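Here's the letter readout for the chains.
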Amino acid sequence: MTIAHRWLELLDEEDLAFLKRFVLASGSLKELAQAYAISYPTVRLRLDRLIAKIEVFDSQTSMSHFERTLRGLHVDGKVDLATLKTLLAAHRKESENHHARSDHDNLDSDARPLGRREQRQ
């Protein structure tokens, strides 16, 4: 799939099934409520969450797969805001530490003495 459709790949099976039913119901939330045997406000909430998830997945903002997944879980109500912030902060710190170690390792390899083979070249 193209990058423009990547958000579709990131939806889980439940979201895709809901989206399919929504389209087949011609966007009728009343019909969806009847099909799922739930109230109209519950269907509206489900649709609002799906819209928010698509916005996160379709965002042009650069974010890791981990962050995008975590934000999707938050939109679904599976991760509360405090947990989201805590996990994102820990992930960012880990990423910074990883990059700092990589940069340090690259500097060390640049500063190492040349081996005999490299000296002859």
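Quantities reported herein were computed from a predicted structural model and do not represent experimental measurements.

Asks: Explanation requested: the nonpolar core in the structure shown.
Replies: Generally speaking, nonpolar side chains in soluble globular proteins are found buried as a group. L11, F18, L32 and V43 are the most contacted members of the largest nonpolar core, which has 14 residues in total. When residues of this core are traced back to their parent elements, those giving at least two are α3 (29-36) and α4 (40-58). The greatest single-element share of this core, amounting to six residues, is contributed by α4. Every residue in contact with F18, bar those within four places of it in the chain, is listed here: L32, Y36, V43, R46, L47 and L50.

Asks: What is the right way to read the pattern of salt bridges from this model?
Replies: Side-chain pairing between opposite charges can occur once the charged atoms of the two side chains come close. Overall, the coordinates contain eight salt bridges when judged by the stated rule. Across the salt bridge formed by R44 and D48, the nearest N and O atoms sit 2.7 Å from each other. Here R44 and its partner D48 are both found in helix α4, four residues apart, which amounts to about one turn of the helix. Salt-bridge contacts for R71 lead to E67; the nearest nitrogen and oxygen are separated by 2.9 Å. Remark: E67 and R71 occur in helix α5 (residues 65-75); sequence separation between them is four residues, near one turn of the helix. R71 sits in the partly exposed class, given a relative accessible area of 27%. Overlapping salt bridges bring together D12, E14, D15, R46, K53 and D76 as one network.

Asks: So what exactly am I meant to see when it comes to α3 here?
Replies: Here α3 has its buried residues at L29, L32 and A33. Down the axis, α3 shows its buried residues gathered within 100° of arc, on one side only. Looking at α3, the residues exposed on the side facing more than 90 degrees away from the buried face are K30 and Q34. Where α3 is buried, its residues contact α2 (13-24) and α4. Residue A37 follows α3 closely and has a positive phi angle near 55°.

Parameters and conventions
- Residues numbered from 1 in each chain as written.
- Predicted model: local features only at pLDDT ≥ 70, side-chain atom pairs only at ≥ 80, totals over all residues.
- Heavy atoms only, no water.
- Core = buried A, V, L, I, M, F, W, Y, C linked by side-chain atoms within 4.5 Å.
- Buried < 20%, exposed > 50% of the residue type's maximum accessible area, 1.4 Å probe, protein only.
- Helix = DSSP H or I, 4+ residues; strand = E, 2+ residues; numbered from the N terminus.
- Contact = heavy atoms within 4.5 Å.
- Salt bridge = Lys/Arg side-chain N within 4 Å of Asp/Glu carboxyl O.
- Arc of directions from axis to C-beta.

Nothing here speaks to function; it is all geometry.
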